[in-house]
Amino acid sequence: MALFKKRTVGKPGEWYYCLEHKKVEEGPECPAKNRFGPYASRGEAEHAMETARERNLEWENDPRWHDAARPSDDDPA
């Protein structure tokens, strides 16, 4: 008896952006590891990469998430 069933998670009417195929999909077409979503609309899914890029920039520029500068290997201790 298998402990885990192989099935794709998702429902028709939910939109995803497939990272492998670089396309928008409705419902569960590709494995979850290869997609962003779910999104409420096709338009949101079409802009998934742009949204991810914007969120990454926000995170990179958020002072609450920056560690103190670490000395490099070249700097004397």
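For the structure given in this document, a descriptive report is provided here. (Residues numbered from 1 in each chain as written. Predicted model: local features only at pLDDT ≥ 70, side-chain atom pairs only at ≥ 80, totals over all residues. Heavy atoms only, no water.)

So, on to the sheet that holds strand β2 (residues 23-26). Here we have 3 strands laid out as an open sheet, ordered β2-β1-β3, and antiparallel in their pairing. Across the chains shown, the open sheet's two edge strands, defined by having one partner strand only, are β2 and β3 (35-39). Going across the sheet, the axis of each strand differs from the next one's by a mean of 25°, ignoring polarity. Taken together, the 3 bridges between strand β1 (residues 15-18) and β3 define a ladder with antiparallel strand orientation. Bridge pairing in β3 links Trp 15 to Tyr 39. (Pairing = 2+ DSSP bridges. Helix = DSSP H or I, 4+ residues; strand = E, 2+ residues; numbered from the N terminus. Axes fitted to C-alpha atoms, helices over the stretch in contact; angles between N-to-C directions.)

We now examine unusual backbone geometry. A cis amide bond links Gly 37 with the next residue in sequence, Pro 38, at an omega value of 10°. Summarising the element assignment, Pro 38 is placed in strand β3. Even without a glycine there, the phi angle at Lys 22 is positive, about 55°. Of note, Lys 22 is situated in the loop between β1 and β2. Using a relative accessible area of 60% as the deciding quantity, one classes Lys 22 as exposed. (Buried < 20%, exposed > 50% of the residue type's maximum accessible area, 1.4 Å probe, protein only.)

This part is about the pairing of β1. Neither face of β1 is left uncovered, since the one carrying Trp 15 and Tyr 17 and the one carrying Tyr 16 and Cys 18 both have all their residues buried. Relative to β2, β1 is paired through 4 bridges, and the arrangement is antiparallel. Across the sheet, the residue bridging to Cys 18 is Lys 23, located in β2. Between β1 and β2, which pair antiparallel and follow one another directly, the connecting turn spans 4 residues, one of which, Lys 22, has a positive phi of 55°.

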